[in-house]
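Summary of structural features
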Amino acid sequence: MPNASSWSASSPLLLLWEDSSGTRIFLSLLYAVLAISGTLSNVMVIYLVFSFKKLQTTSNAFIVNGCAADLSVCALWMPQEAVLGLLPPNSSSLRSAEYRLLRGGLLGLGLTVSLASHLLVAFNRYVLITKLPSVYQALYQRKHTGCMIGLSWALALLPVPLLPGLWTLGSAQSDGSSRYTALLLALAVLGQTALLLHCYLGIVRRVRGSAKRVSVLNFHLLHQLPFPAAPPPPRRAQRRLSSVSVLLLCCVFLLGTQPLVWVSLLGFFLRPAPPALQAASWLLLCSLSALNPLLYTWRSEEFRRAARSVLPRAEGPAAAPRQSAAAP
């Protein structure tokens, strides 16, 4: 069995070259499922927002930005991992530094913009709920929203060249630069997570403390919150429902991001984690790219209506007799 250094030097980022081919086949199938489901869900959300005027809101602009970034992972990077997992370990494709740089760039760009979009959505909802409508309108003008989205992509291009250094994470031959790259990644994700939790927990505190304020806000973005806003349920039920919904969103996000953070910190301060644990933490982070569209739209009645209007629906058994009876 190859050691950690050979694993990190020649394998894809998340695939382990085990003696058993069953592991590689299983991981390849997992990537294929995530790639197909993630691509379809992200494309569907983008299509719905561009096709229905009611969905063209500031909050959804940030969600679409995240979906576009997630397509870099689901539609471009994951299919390559699925195919490479079926190749022999000594394949020339795995040893090409240029090809590894391309795959690392796609992954780094997609994940960075996706995480930034999470934060933009959370901050947008935080300002909407906790600040005055005039403050929200002044901050989220069209040009300001465009600048925020453009800045998320511009900042994501900066650390892309550093990502291939993460291949040596956990290697016995890893140099100091890769260890500091892993530390930088962990601190960036940890800081982003702290800001996101601050925004959503602030929303929960405001809703629980003043359910009446939320119910009277006549704002077109209110239905984009991770809890339903109309028709308003009884105050106690509304507070309980909003808290559970936000808690679920935060738990899914923490489950996807925090394992990689602590594996990276462990490798920097103590000793490198086992390759299998590193691969599992990366897999959880990448799986968010397939889950993000559902994470932000499953509670939105507007999205459900739009999806029902475009998805094919089977006609009832009585439809055919009615049609034949109406025919001359």
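Residues numbered from 1 in each chain as written. Predicted model: local features only at pLDDT ≥ 70, side-chain atom pairs only at ≥ 80, totals over all residues. Heavy atoms only, no water.

For clarity, the cut-off: UniProt positions are given in the numbering used here, feature names are shortened, and annotations may be inferred rather than shown by experiment.
Per an unreviewed UniProt entry, the protein chain goes by the name GPR88 protein and belongs to Neopipo cinnamomea. Regarding the protein chain, the relevant UniProt record gives this comment under Subcellular location (unreviewed entry): "Membrane".

Brief notes about the UniProt feature "transmembrane region" (unreviewed entry) in the protein chain
Keep this limit in mind: Counting from the N terminus, the helices are DSSP H or I runs at least four residues long and the strands are E runs at least two residues long.
Taking the numbering used here, the UniProt-annotated feature "transmembrane region" (unreviewed entry) corresponds to residues 25-50, 62-80, 100-123, 144-162, 182-203, 244-270 and 276-298. Its end C-alpha atoms 27 Å apart, residues 62-80 is made of 100% helix and 0% strand. Secondary structure across residues 100-123 comprises 100% helix and 0% strand; the distance between its end C-alpha atoms is 35 Å.

Considering a nonpolar patch on the surface
Cut-off, in case you're wondering: A patch consists of residues exposed above 30% relative accessible area that lack any salt bridge, with like charges linked at up to 9 Å and nonpolar side chains (Val, Leu, Ile, Met, Phe, Trp, Tyr) linked at up to 5 Å. Each accessible area is a Shrake-Rupley estimate made with a 1.4 Å probe; only the visible protein chains count as cover when residues are assessed. Note on definitions: salt bridges are taken to be side-chain nitrogens of Lys or Arg within 4 Å of carboxyl oxygens of Asp or Glu. Partly exposed residues are those whose accessible area sits between 20% and 50% of the maximum for their type, while under 20% is buried and over 50% is exposed, using a 1.4 Å probe and protein chains only.
Residues Ile 25, Leu 29 and Leu 86 make up a contiguous nonpolar surface patch of roughly 300 Å² in combined accessible area. Residue classification places Leu 29 among the exposed positions, given a relative accessible area of 55%.

Observations concerning the environment of Ile 63
One can find Ile 63 in helix α3 (residues 58-84). Remark: the alpha-carbon pair of Ile 63 and Ser 117, spanning 54 residues in sequence, is separated by 6.7 Å.

Here's the deal with the confidence of the model for the protein chain
Low-pLDDT portions of the prediction should not be read for the details of their coordinates. Put simply, the test is: For every residue, the predictor assigns a confidence score, pLDDT, that lies between 0 and 100. A contact between two residues is defined here by any heavy atoms of the two lying within 4.5 Å.
Scored by pLDDT, the protein chain comes out at a mean of 75, with 69% of its residues at no less than 70. Contacts of residues 1-13 to residues separated by more than four positions or lying in other chains number 38 contacts, the stretch itself having pLDDT below 50. Counting contacts from residues 212-241, a segment whose pLDDT is below 50, to residues more than four positions away or on other chains yields 60 contacts.

Here's the deal with the side chain of Ser 281
In this structure, Ser 281 sits in helix α11 (residues 275-297). The residues touching Ser 281, leaving out its near neighbours within four places in the chain, are Gly 256, Pro 259, Leu 260 and Val 263.

Description of the pattern of salt bridges
A full pass over the atoms with the stated rule returns 4 salt bridges. The partner of Arg 304 in a salt bridge is Glu 301, with the nearest N and O atoms 2.6 Å apart. Placement of the pair is Arg 304 and Glu 301 together in helix α12 (residues 301-310), with a separation of 3 residues, close to one helical turn. A residue is classified by how much of its surface remains accessible, and Arg 304, at 33% relative accessible area, is partly exposed. A salt bridge links Arg 305 to Glu 302; its shortest N-O distance comes to 3.8 Å. Taken together, the positions of Arg 305 and Glu 302, both in helix α12 and 3 residues apart, correspond to about one turn of that helix. According to the relative accessible area criterion, Arg 305 is partly exposed, its value standing at 46%.

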